[in-house]
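Coordinates in review
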Amino acid sequence: MKDRSYAAVTGRKTEIIRDAVGMDYSKYEREGIAFDYEALMNDTGYTLEDHIRIQREYNVGNTPVFELHNLTELARKCAAPGKGARIFVKDEASNPAGSFKERRAATSVYHAKKMGYKGVVAATSGNYGAAVASQAAMQGLKCIIVQECYDSKGVGQPEIVEKARKCEALGAEVLQLTVGPELFYETLLMLEDTGYFNASLYSAFGIGGVETLGWELGHQFKERCGKDPDVVVIANAGGGNLTGTARGLRKAGCKAKVVAASVDLTGLSMASDEQFNRKSFTTAHTGFGVPYATDPDHSDMPRSAARPLRYMDRYVTVKQGEVFYITEALANLEGMEKGPAGNTSLAAAFSLAQEMDRDQIIVAQETEYTGAGKHLQPQLAFARKNGIELLFGDPKDEIPGKNIIFPARPSLLKARDMDLDHLRRSLIKRQTRGLDHALTDAEIAYLMEETNASEAFVRAALKELGV
Amino acid sequence: MAKKNDYVRIHRNILLPEERTGKLPEDTKNVPLEMWVKGYLQDESAAIGDTVTVKTAVGRLETGRLIEERPCYTLNYGEYVPEILQIDRTLRGVLFEGEEA
């Protein structure tokens, strides 16, 4: 019997992941810090057309786009004269398990089955669990979802408890853990014990699957409006939604600007037991968005296929109170009860639309299902029970873990810019940490791709770091 | 008292505080990493608190302390939150009644 201690299992990580993905990532490594990202993305054996075919076969995608007339009108009332772009949303909640994540799951599960794996394992507390469980059910594989769900008092985040219920409803086994990054250790143990496929959120299968979202959007707007949207806003956590959608938009020839949006949870530790239930958003927040953008390879894969800094033109944050506010607006003014976390991009779009002209188009590229636990009412009741103050005022004053501030007036809902250059420098710093040689031209070129920045920018950042 | 093949929920500590990784905040490091899972009881009979084995949805065997028989979901929509209705009034006031945005 193999040693099941933490040190021994994590020490076997490379072999366990290799066996559980069936891909050897070492062949994508290039000179020094560089690796060949496009080779990884192209090497899955699935083209965009294949992803579309698989998704059609398993009832994923082809989701409708809705124009939000009342939210657009409200934004125009908040904006300067002549301003206020048309706001659209892509209703990803209409996927079988209720979110865009099913695009990410479909090909992974399909590939696992093709390769002869009997089941799939995914480490996720979010919609991805339901998506994998749904696809596993449809495609006839077994499924284990490992989630971080409770604090040490045994109190579960209502949204995550609902995800567990949904996964179980779809036939999966759900392992619910308390707070801590050692969730990865338990996931490795499950992979090793069962010999199942690692349906990682960060695999090339998963991110390739999200390309269909961007591709559909591009074509839907050409057909419906005769032009590209001007801006597509994408919620950013692990970076896969943004990476896949942006790649798909490009493949559709769509020239829209890509804006990332995250809920601002600055100051809260994602690994803290005490702070776990003091946040009302369990995804699409800066606690994932910033570390994964600046250090994509700290995921459960040797190299992550989600590399959002390569694709984002702008990165904004919104406050918890603002996303709850727009969630209620979507229900009360548009008749669509969705989210809340899936409305992060819509909250940002409502604000960004006010900077744009009236004939321009902005799209929030997702919605998600809602239900008991996973809805603003139970989330807000839970927050209040945990000592979080609910206030009306200017959301810029919101302090994560202490209060939630709803905009007193809709014009106070504001997307706030993050310093993208700061994130780029942070990525360069992480990727060159401990390096004992000057970077080669190939490594510089790699960092330019990673940060979507000029050679001058990369060289200046390296000089600042003394590399 | 649960009998064999009853659907139950069990609990087990995966890592004790001293076995947890070094990079954690103190509050997390001071508590065990705990796990809950559901399955069909494999023991002939067991009472709450007994260490038992269950067969999970995928057919794996897991051991742990029996904590719940016939586990059910108790999630709901939470207590009344008056702020939500306040948001609705403001939104409709601005959009339809000419109130200040």
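Quick caveat, the model's predicted, so the values are computed rather than measured.

Conventions adopted
- Residues numbered from 1 in each chain as written.
- Chains lettered and ligands numbered in written order.
- Predicted model: local features only at pLDDT ≥ 70, side-chain atom pairs only at ≥ 80, totals over all residues.
- Heavy atoms only, no water.
- Helix = DSSP H or I, 4+ residues; strand = E, 2+ residues; numbered from the N terminus.
- Rg over C-alpha atoms; globule rule 2.2 N^0.38 Å.
- Buried < 20%, exposed > 50% of the residue type's maximum accessible area, 1.4 Å probe, protein only.
- Contact = heavy atoms within 4.5 Å.
- Areas by Shrake-Rupley, 256 points an atom, 1.4 Å probe, with all protein chains shown as cover.
- Lys, Arg positive; Asp, Glu negative; His and termini not counted.
- Charge placed at Lys NZ, Arg CZ, Asp CG, Glu CD.
- Buried area = accessible area lost by both parts, 1.4 Å probe.
- Salt bridge = Lys/Arg side-chain N within 4 Å of Asp/Glu carboxyl O.
- Polar contact = N/O pair within 3.5 Å; in protein donor to acceptor, adjacent residues only side chain to side chain.
- Nonpolar A, V, L, I, M, F, W, Y, C, P; charged D, E, K, R; others polar.
- Domains from an automatic or database assignment.
- Core = buried A, V, L, I, M, F, W, Y, C linked by side-chain atoms within 4.5 Å.
- Pairing = 2+ DSSP bridges.
- Right-handed = clockwise from strand over helix to strand, strands pointing away.
- Phe/Tyr/Trp six-rings, centres within 6.5 Å; stacked < 30°, edge-to-face > 60°.

**Thoughts on the overall build of chain A**
Along its length, chain A carries 18 helices and 13 strands. For 467 residues, the compact-globule formula gives about 23 Å, and the C-alpha radius of gyration of chain A, at 21 Å, lands near that figure. In terms of principal-axis extent, the alpha carbons of chain A reach across some 65 × 50 × 45 Å. Looking at chain A as a whole, 65% of its 467 residues are labelled buried. Considering only intrachain contacts with a sequence separation of at least 6, the fraction spanning at least 24 residues in chain A is 76%. For chain A, the accessible area works out to roughly 15500 Å², and carbon and sulfur atoms hold 49% of it. Of the side-chain charges in chain A, 57 are positive and 62 negative, and the distance between the mean point of each set is 2 Å.

**Comments concerning the interface of chain A and chain B**
Tallying the contact residues gives 63 residues for chain A and 46 residues for chain B. Around 4700 Å² of area is buried between chain A and chain B when both sides are counted, 62% of it from carbon and sulfur atoms. On the surface where chain A and chain B come into contact, there are six salt bridges. With a shortest N-O distance of 2.8 Å, Lys 38 of chain B and Glu 168 of chain A are connected by a salt bridge. If you look at where chain A meets chain B, you find 25 residue pairs in polar contact (both at pLDDT 80 or more). Those elements that place two or more of their residues in the side of chain A that touches chain B are helix H5 (69–78), strand E4 (142–150), helix H8 (158–169), strand E5 (173–178), helix H9 (183–194), helix H13 (320–334), helix H15 (376–385) and strand E11 (389–393) of chain A. It is H15 of chain A that provides the largest number of residues to the side of chain A that touches chain B, a total of seven residues. Split by residue class, the side of chain A that touches chain B holds 31 nonpolar, 17 polar and 15 charged.

**A few points about the domain arrangement of chain A**
Residues and elements named next belong to chain A. Each domain of chain A was delimited in the assignment, giving domain 1 (6–54 + 99–204), domain 2 (59–97 + 210–417) and domain 3 (420–465). Here the C-alpha centre of domain 3 lies 30 Å away from the C-alpha centre of domain 1. Listed as interface residues are five residues of domain 1 and, on the opposing side, nine residues of domain 3. Contact between domain 1 and domain 3 buries roughly 590 Å² in total, counting both sides, with carbon and sulfur atoms accounting for 68%. On the domain 1 side of the contact with domain 3, Glu 31, Ile 33 and Phe 35 bury the most area, a combined 80% of that side's loss.

**Notes on the nonpolar core**
Counting 111 residues, the largest nonpolar core has Val 120, Val 132, Cys 143, Ile 144, Val 146, Leu 217 and Leu 447 of chain A as its most contacted members. Those residues within four positions of Ile 144 of chain A in sequence are excluded, and the remaining contacts are Val 120, Val 121, Ala 122, Glu 173, Leu 175, Met 190, Thr 194 and Tyr 196 of chain A together with Val 58 and Arg 60 of chain B. Within the second largest apolar cluster, 55 residues are counted, among which are Leu 71, Phe 324, Ala 349 and Ala 381 of chain A.

**Regarding the side chain of Gln 354 of chain A**
Residues and elements named next belong to chain A. Along the chain, Gln 354 turns up in the loop between helix H14 (344–352) and strand E10 (361–364). On the accessibility criterion, Gln 354 (9% relative accessible area) is buried. When near neighbours in sequence (up to four residues on either side) are disregarded, Gln 354 contacts Ala 75, Cys 78, Ala 79, Lys 83, Gly 84 and Lys 414.

**With respect to the pairing of strand E7 (residues 231–235) of chain A**
Residue and element names in this part refer to chain A. E7 sits mainly inside the fold: five of its five residues count as buried. Here E7 shows no split at all, with Val 231, Val 233 and Ala 235 on one side and Val 232 and Ile 234 on the other all buried. The pairing of E7 with strand E8 (residues 257–263) spans five bridges and is parallel. When the bridges of E8 are listed, Val 231 appears paired with Lys 257. Each parallel crossover has a hand, and the one from E7 via helix H11 (residues 240–251) to E8 is right-handed. Alignment of E7 against E10, held across three bridges, turns out to be parallel. Pairing of Val 232 across the sheet is with Val 363, part of E10.

**What to know about the environment of Thr 286 of chain A**
On the secondary structure map, Thr 286 of chain A appears in helix H12 (residues 286–294). The residues contacting Thr 286 of chain A, other than those within four sequence positions of it, are Ser 262, Val 263, Asp 264, Leu 265, Thr 266, Pro 291, Thr 317 and Met 418 of chain A.

**Focus on the packing of aromatic side chains**
Residue and element names in this part refer to chain A. Applying the stated rule across the entire model yields 15 aromatic pairs over all chains. When the ring of Phe 88 is compared with that of Phe 221, the centres are 5.0 Å apart and the planes differ by 75 degrees; the resulting orientation is edge-to-face. With Phe 88 in strand E2 (residues 86–90) and Phe 221 in helix H10 (residues 204–225), this residue pair connects regions lying 133 residues apart in the sequence. By relative accessible area, Phe 221 is classed as buried at 1%. Each ring, one from Phe 281 and one from Phe 324, has its centre 4.9 Å from the other, and the planes form 40 degrees; the classification is tilted.

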